[in-house]
Amino acid sequence: MKETTGLEALLLASFDSNVLLVTGVAGYPATAVMELLVERSSEGYVACWMTNEKAALEKALGASVTQQRSMVVVKHVGMNVLSDPLMTSVYHTIGAGVVIIAGDDTGARASQNEQDSRYYGCLAEVSLFDPATPQGAYDAVMRAFKLSEQSKVPVIIRVTDRLLDSKGAVLRSRQNKSTATFDKDIWKLTTKGKHQRFHRISMPLLEMAVQTTSLNRLHPGDSGIGIISSGYLSVLVGKALSKAKWSGHAHLALQMLSPFPFAMVQQFISKCNTVLVVEETEPYIESHIAVTGKIRGKMTGHLPYGQVGIEHIDYALDHLHEDRIEKYTEVQTIKSRGSRPLCQDCPFMPLYKCLANIDVMVAGDMGCSIRAAPEPLQAVDTGFALGSAISTACGFKDKGIAVIGDFALAHSGIVGLINAVGSEDDVVVVILQNRIAAMTGGQEAPDLMSVVKALVSDVTVMEMPVFSTEISSYTEGQLQELLLCKLAQKGISVIYLLGKCTKL
């Protein structure tokens, strides 16, 4: 049987589950999933790049209530943005199935944090799958759509870059088109009543599903040592246990984690003297069972927080006799990891050099701007979330500068600008317009210049020339003069810098 990647398995499952709408927002590692789905969208479904995760889920919910199965593809921080409609959709109920693919960047290779999407299963009270293999990814999607329609709530599937890159055989099946409908009788209930209905009807279905699913698999052992794993790490645990000295260890490999499978896990733990929990990024499983006193994992120092490799599993198994170890105490620095600076021919380089020489607080945004924060430029002081720069700068004690890309502006930064106008804040907003989301693959960004001009009376537009050392120095001087002038004024000033990314 032909080997398939985890990425391709998600595509095959979207075909075989009769998905009709796919929405997605760019961001590692979700970009690769969405790009493939967009590329193959002519084969039976509509795929739409979106600028905001909340809007992406809301569009999918609209499809759901009109009998269209839908899939939403976002990275882990995007789960924060779509959490608002996710939480309320659980009470409100849906029609056709809605599946959210949450791409977790377990090594924080291209993200502002190293977040674990598994917690959203508990927070939203929905089912969450954490597949280990391409077959697991395929089966998770197929099962998730059915479960979503049975319980009338969205379902989350967490994926990581290593799962997407992994290879294995995939046995396919086929589902009929959805016949699930949205029941307007939900409006007869109060909000409290909707929550009661969920716990009486939907939650028992979800609990039964997690306790009976074939995706959670037990590999028995007789050594008194057990390992509980989830997601791609189950594959690495399997490789570790193939060694003769550990072949007698039992292994519970979980691919469905929410609602938490307490009965299954409790039964497994009861038969073991010591249990190692192998998971990433956070101690999600471990925190549910640590009170038993038998558990080793991240919380006991046996495994590092963040991404886990087979060498970490080997070390933990060698030190299970210790209650606690202090091995993983090193804090990664840019120096130890290696610098990822701005491109030297970036059209916006004169701005960053200029900002480094102006004595004023600068709020950056997610994207290329955060690469200007460390040495040698040190041009940006803060960077919290995509679209946050304008609101952050409005909170500075003195008038400061917000640097934001056009994609981040469309994502959520425009709300910060609207609030700044309403609050009559003092701020200089520098918008870097290259019409693409440069760091995530070059997806098109909408042009909001006419909207910005309607909101703010003081808007300056400046074309950034093709980079050269001589031109850069001249442009830097122009920008410094312009910025100092706007900083001296009261109110909001917007400076549009027009440039083209040299890497796309």
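Below or above, wherever it landed, is the structure these notes cover. Here the residue numbering is sequential within each chain, running from 1 through the sequence in written order. With the structure being a predicted model, the display of local features is reserved for residues of pLDDT at least 70 and the display and counting of side-chain atom pairs for 80 or more, all residues being used for whole-chain, interface and lining totals. Only heavy atoms go into the side-chain values, all of them from the structure, while hydrogens and water stay out.

Observations concerning unusual backbone geometry
Consideration 1: With omega at 0°, the peptide bond leading from Tyr-28 into Pro-29 counts as cis.
Consideration 2: Numbered from the N terminus, helices here are DSSP runs of H or I no shorter than four residues, and strands are runs of E no shorter than two. Inspection of the secondary structure puts Pro-29 in the loop between strand E2 (21–24) and helix H2 (30–39).
Consideration 3: Along the chain, Glu-375 connects to Pro-376 via a cis peptide bond; the corresponding omega equals 10°.
Consideration 4: The phi torsion at Ala-108 lies on the positive side, around 50°, for a residue other than glycine.
Consideration 5: One can find Ala-108 in the loop between strand E5 (98–104) and helix H5 (119–124).
Consideration 6: Relative accessibility decides the category of a residue: with a 1.4 Å probe and only protein chains considered, values under 20% of the type maximum give buried, values over 50% give exposed, and everything between is partly exposed. Judged by relative accessible area, which is 25%, Ala-108 ranks as partly exposed.

A few points about the sheet that holds strand E21 (residues 492–498)
Consideration 1: Strand pairing requires that DSSP identify at least two bridges connecting the strands. Judged by pairing direction, the sheet is parallel, and its five strands sit side by side in the order E15-E16-E17-E21-E20 without closing on themselves. The sheet is open, and its two borders are formed by strand E15 (362–363) and strand E20 (459–463), each paired with just one other strand.
Consideration 2: Bridge analysis of strand E17 (residues 427–433) against E21 gives seven bridges, and the strand direction is parallel. By the bridge assignment for E21, Val-428 is matched with Ser-493.
Consideration 3: Contacts are assigned to residue pairs that have any heavy atoms within 4.5 Å of one another. Simply put, an axis is a line fit to the C-alpha atoms, just over the touching stretch for a helix, and the angle between two N-to-C directions goes from 0 to 180 degrees. Together, strand E16 (400–405), E17 and E21 form the strand contacts of helix H16 (residues 406–423), whose direction differs from that of E16 by roughly 145°.

What about the packing of helix H6 (residues 134–151) against helix H8 (residues 191–212)?
Consideration 1: Direction vectors running N to C along H6 and H8 enclose 155°, while the axes themselves pass 9 Å from each other. Here H8 runs roughly antiparallel to H6, going by the angle between their axes. Handedness of the crossing formed by H6 with H8: right-handed. From H6, Arg-143, Leu-147, Gln-150 and Ser-151 reach across to H8, where they touch Arg-197, Ser-202, Leu-205, Leu-206 and Ala-209. What sets the label is the angle itself: under 35 degrees gives roughly parallel, over 145 gives roughly antiparallel, 65 to 115 gives roughly perpendicular, and the rest give oblique. Here is the rule for handedness: rotate from the far helix to the near one, and if that takes an anticlockwise turn smaller than a right angle the crossing is left-handed, while a clockwise turn gives right-handed.

Notes on the packing of aromatic side chains
Consideration 1: Ring pairs are drawn from Phe, Tyr and Trp, using the six-membered ring of Trp, whenever the two centres fall within 6.5 Å, and their geometry is named by plane angle: stacked under 30 degrees, edge-to-face over 60, tilted for the rest. For the structure shown, the criterion picks out five aromatic pairs.
Consideration 2: Judged by centre distance (6.1 Å) and plane angle (40°), the ring pair of Phe-15 and Tyr-45 falls under tilted. Linking Phe-15 in helix H1 (residues 6–16) with Tyr-45 in the loop between H2 and strand E3 (46–49), this pair joins segments that are 30 residues apart in sequence. Accessibility classification places Phe-15 together with Tyr-45 in one group, the buried group.
Consideration 3: With 5.2 Å between their ring centres and 85° between their planes, Tyr-119 and Tyr-284 make a pair best called edge-to-face. Note that Tyr-119 is positioned in helix H5 and Tyr-284 in helix H11 (residues 284–289), a separation of 165 residues in sequence.
Consideration 4: Taking the relative accessible area as the measure of exposure, Tyr-284 reaches 0% and is therefore buried.

So, the environment of Val-421
Consideration 1: Looking at where Val-421 falls in the secondary structure, it is placed in helix H16.
Consideration 2: For Val-421, a relative accessible area of 30% corresponds to the partly exposed category.
Consideration 3: The sequence separation of Val-421 and Leu-455 amounts to 34 residues, and the corresponding C-alpha distance is 7.2 Å.
Consideration 4: Not counting residues within four places of it along the chain, the set of residues in contact with Val-421 comprises Leu-455, Val-456 and Ile-492.

Side note on the side chain of Thr-382
Consideration 1: By the secondary structure assignment, Thr-382 is in the loop between E15 and helix H15 (389–394).
Consideration 2: In this structure Thr-382 comes out as buried when scored by relative accessible area, which is 19%.
Consideration 3: The residues contacting Thr-382, other than those within four sequence positions of it, are Val-362, Ala-363, Gly-364, Thr-392 and Phe-396.

Looking at H8
Consideration 1: What a helix is expected to span follows from its residue count: subtract one and scale by 1.5 Å. With 22 residues, H8 should cover 32 Å at 1.5 Å per step; its first-to-last C-alpha distance of 31 Å lies within 8% of that length.
Consideration 2: A residue's bend is given by the angle between axes fitted to the 7 residues ending at it and the 7 residues starting at it. At Ser-202, H8 shows its maximal kink, close to 40°; a proline, Pro-204, follows between one and four residues later.
Consideration 3: All of the buried residues in H8 are Gly-193, Lys-194, Arg-197, Phe-198, Ser-202, Met-203, Leu-206, Ala-209 and Val-210.
Consideration 4: On its buried face, H8 is in contact with helix H4 (76–92), H6, strand E12 (256–258) and helix H10 (262–270).

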